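# Secondary and tertiary structure notes
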Amino acid sequence: MVGQKRSKLKEAAPDPFRSSRSMQSKRRRRATGAGEPEMEEEPQEEVEKQELLRQPSPVGGGSLLGGARKYLSRRTRKLNPANCIRLEVGPRTLLLGRFQFLHSFLDQLREKVQKLQTYKFSSKTNMGIAAFVGFLHWIHLITLFENDRHFSHLSSLEREMTFRTEMGLYYSYFKTIVEAPSFLEGLWMIMNDRLTEYPLVINTVKRFHLYPEVIIASCYRTFVGIMNLFGLETKTCWNVTRVQPLNEVQSCEGLGDPACFYVGVIFILNGVMMGLFFIYGTYLSGTQVGGLITVLCYFFNHGEATRVMWTPPLRESFSYPFLVLQMYFLTYILRTSNICRKYYIALCLSNVAFMLPWQFAQFILFTQVASLFPMYVVGYIEPHKFQKIIYMNMISVLLCFILMFGNPMYLSSYYSSSLLMTWAIILKRNKIQRLGASELNFWLIQGCVWWFGTIILKFLTSKILGVSDHIRLSDLIAARILRYTDFDTLIYTCAPEFDFMEKATPLRYTKTFLLPVVMVITCLIFKKIARDILCVLSANTFLRKQLLENGELVFHTLQLLAFTALAILIMRLKLFLTPHMCIMASLICSRRLFGWLFYRVRFENVIFGILTVMSIQGCANLHNQWSIIGEFNNLPQEELIQWIKYNTRPDAVFAGAMPTMASVKLSTLHPIVNHPHYEDADLRARTKVVYSTYSRKSAKEVRDKLLELHVNYYVLEEAWCVVRTKPGCSMLEIWDVEDPSNAANPPLCSILLKDGRPYFTTVFQNSMYRVLKVN
């Protein structure tokens, strides 16, 4: 049900008697619309640095052209005394000098930290703390999201336009299901979709990993149905009067609005993830203080750890929380001797939940297997336990293969190949051992067989299953290392988030003291590993029990190295490195690692000193995030969408830049021939034809190729003709690498902007877009 309507004015003059909602509506900023070039520099350096994490995936075109963004001045926030720590400072203490008062304050804070260390909380208390920090993270995310876009005051069309590039593509299938006559009809529509790659009919659930959208749409329809049954309102709508020349639009709030429900579920999931981080850090370090350090490190480095507050519909927003859960179960299995079957089942199910939403998840699990295998070889994991872990991973791959309608990507990845090689080595280990090699040579033989066998098996399965041409995360990493470039890899690697890690990133880690703490912990663990390995090579088998007890520490250290390598090669993968560093930071409270230090120095002094140093820059980082104030506005794209909806046939086929096509498909429901999900080989071939308008080919050749794709209209963006994110990354430069034979010809884009006749006719244009009818 929809509640009453009332007018809320944007850009209105300040009125002290208006509600806070009206006061907020004064904020406006330029659009970050898809395909808009970044023409202005931002006033704040820190905002500029964090903008890279907020860019959309490169396959949506954000790789080439990021939107300009303006922010207002910072708001001053008053501390709420109710949220502060209450210390028992007597009246006499308050009368002392400022230094004596500060000394008393610190003494009492140390005492509280010491009590927290010695007191063992019950599981219910731990769950309560986890729920509290999860709630704080949920509030933090929705605050940043609302401050950035003023989402609550946007119309339905504006909200759809905020989902740029591939985000808009994913949301369009959620919209299809919730607007269908029934859930099953909506599911059938997205499993037999003809709008996304016209005229092909594709199963988008299989191609785009849409289980999150299917589940959320089912929950939305159930929620709205129940609320309507009891006659309860699910949303409240308002008439929004916008500044000229924009017309009045309707804006709705509440869980009954599909967009609000969609992003709300994502933020709740990531809020729960923060509670899981507390439980994870507590278990790994053996103390609740370690869990709190993990949570604080995550908040202090929030801009480096996630971008869910800027890009909610991306696949990692759904997938990563389940990786945290999976690693928690794996840590429990590695540490505990007698494991119940339910923990292995939980490991398997969390694997499935991690892989289903995201096509890149399998490579992350491959790094996990690569971390576990040397532990098995050296002896950190009991053979029977490692065998069960591998079996659970293999079962999870098969379950995903079935649930994704036989998607061959699951069977032809490095992850599945490594599992098969590991299984084979476990079965044949005794035969290898009979060769009579020394312990070190035995390790090397197993490692070489595993590594080369995995690579060979991966390429064989890819050829057999016919998916060798699909781009995977491993292909991008190989292109980075080998410096191989072609049209497809440049579309990815020219994106800021797929570039190498920024040189400033380690400095930002250092300012929050996260990097120094993790380096100290890692060095201590490596010292233990080196001592253990030397003992094993010296045939001191009585240390085997000690090796098994250190297994989870070794695993987290090896996983940290893998995540570090990935983040250095591809900046987007910092989303794995930074949270894992926060987990590792909890080990600063581990008495197994720092018991020798805590015998000499009071535990609470060490922890208090570390948290003090972390909070200096950490609080500044949080303040910078809270200071980002803006509002989404993209008039040129809104004009384009309105023109398409009211001036073209419903079956007219469109082509253009990938981010723009996602918005056209979402908001107009017109057929498109290309889209931002760039991994598929056939789609890359289509996009290459579409992007030839930015090359030096002839207009006739490009027109003929577009007609073969049944294109009726082409959306040309002038910015794409000239803008480049870095040297070698303009569309013209990319085409000169791909098509050197035409390098001497004039750019086709400049010709089409003047007059594309007789092959193209301009039927619409504004400051950003030009629609060409293909003749």
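In this report, the structure presented in the accompanying data block is examined.

## A short note on the environment of Lys574
Along the chain, Lys574 falls in helix α26 (residues 574–585). Classification of Lys574 by relative accessible area gives buried; the value is 1%. Expressed as a C-alpha distance, the spacing of Lys574 and Glu304, which sit 270 residues apart in the sequence, is 6.8 Å. Here Glu304 takes part through its side chain, which lies 2.5 Å from a polar atom of the side chain of Lys574.

## Looking at the nonpolar core
With 149 residues, the main nonpolar core has Leu372, Ile521, Phe576, Ile588 and Tyr691 as its most contacted residues. Looking at this core element by element, the count peaks at twelve residues for helix α16 (residues 361–378). When residues no more than four places from it in sequence are discounted, the contact partners of Ile521 are Met584, Ala585, Leu587, Ile588, Leu593 and Phe594. Listed in part, the 44 residues of the second largest apolar core include Leu187, Ile266, Trp310 and Leu314.

## A short note on the state of the cysteines
Summed over the entire model, instances satisfying the criterion amount to two disulfides. What pairs with Cys237 in a disulfide is Cys252, and their sulfur atoms sit 2.0 Å apart. Its S-S torsion of about 100° marks the bond between Cys237 and Cys252 as right-handed, since a negative value means left-handed. Taken together, the residues Cys237 in strand β2 (residues 236–241) and Cys252 in strand β3 (residues 249–253) connect sequence positions 15 residues apart. Its relative accessible area of 6% is what places Cys252 among the buried residues. Linked covalently through their sulfurs, Cys721 and Cys749 form a disulfide whose S-S length is 1.5 Å. Taken together, the positions of Cys721 in helix α33 (residues 719–722) and Cys749 in helix α35 (residues 748–754) put the pair 28 residues apart, joining distant regions of the chain. Of the two residues examined, Cys721 and Cys749, each falls in the buried class. Among the cysteines around Cys348, which has no disulfide bond, Cys400 carries the closest sulfur, lying 8.4 Å off. The cysteine Cys582 is free of any disulfide, with Cys297 supplying the nearest cysteine sulfur at 5.2 Å. A relative accessible area of 0% means that Cys582 is categorised as buried.

## Observations regarding a nonpolar patch on the surface
Side chains of Trp451, Phe452, Ile456, Leu460, Ile464 and Leu465 sit close together on the surface and give an oily, nonpolar patch of about 660 Å² of accessible area. Tracing the backbone through its elements, the reader meets Trp451 in helix α19 (residues 439–465).

Reading the values: the criteria
Residues numbered from 1 in each chain as written. Predicted model: local features only at pLDDT ≥ 70, side-chain atom pairs only at ≥ 80, totals over all residues. Heavy atoms only, no water. Helix = DSSP H or I, 4+ residues; strand = E, 2+ residues; numbered from the N terminus. Buried < 20%, exposed > 50% of the residue type's maximum accessible area, 1.4 Å probe, protein only. Polar contact = N/O pair within 3.5 Å; in protein donor to acceptor, adjacent residues only side chain to side chain. Core = buried A, V, L, I, M, F, W, Y, C linked by side-chain atoms within 4.5 Å. Contact = heavy atoms within 4.5 Å. Disulfide = S-S within 2.5 Å. Patch = residues over 30% accessible without salt bridge, like charges linked within 9 Å, V, L, I, M, F, W, Y side chains within 5 Å. Areas by Shrake-Rupley, 256 points an atom, 1.4 Å probe, with all protein chains shown as cover. Salt bridge = Lys/Arg side-chain N within 4 Å of Asp/Glu carboxyl O.

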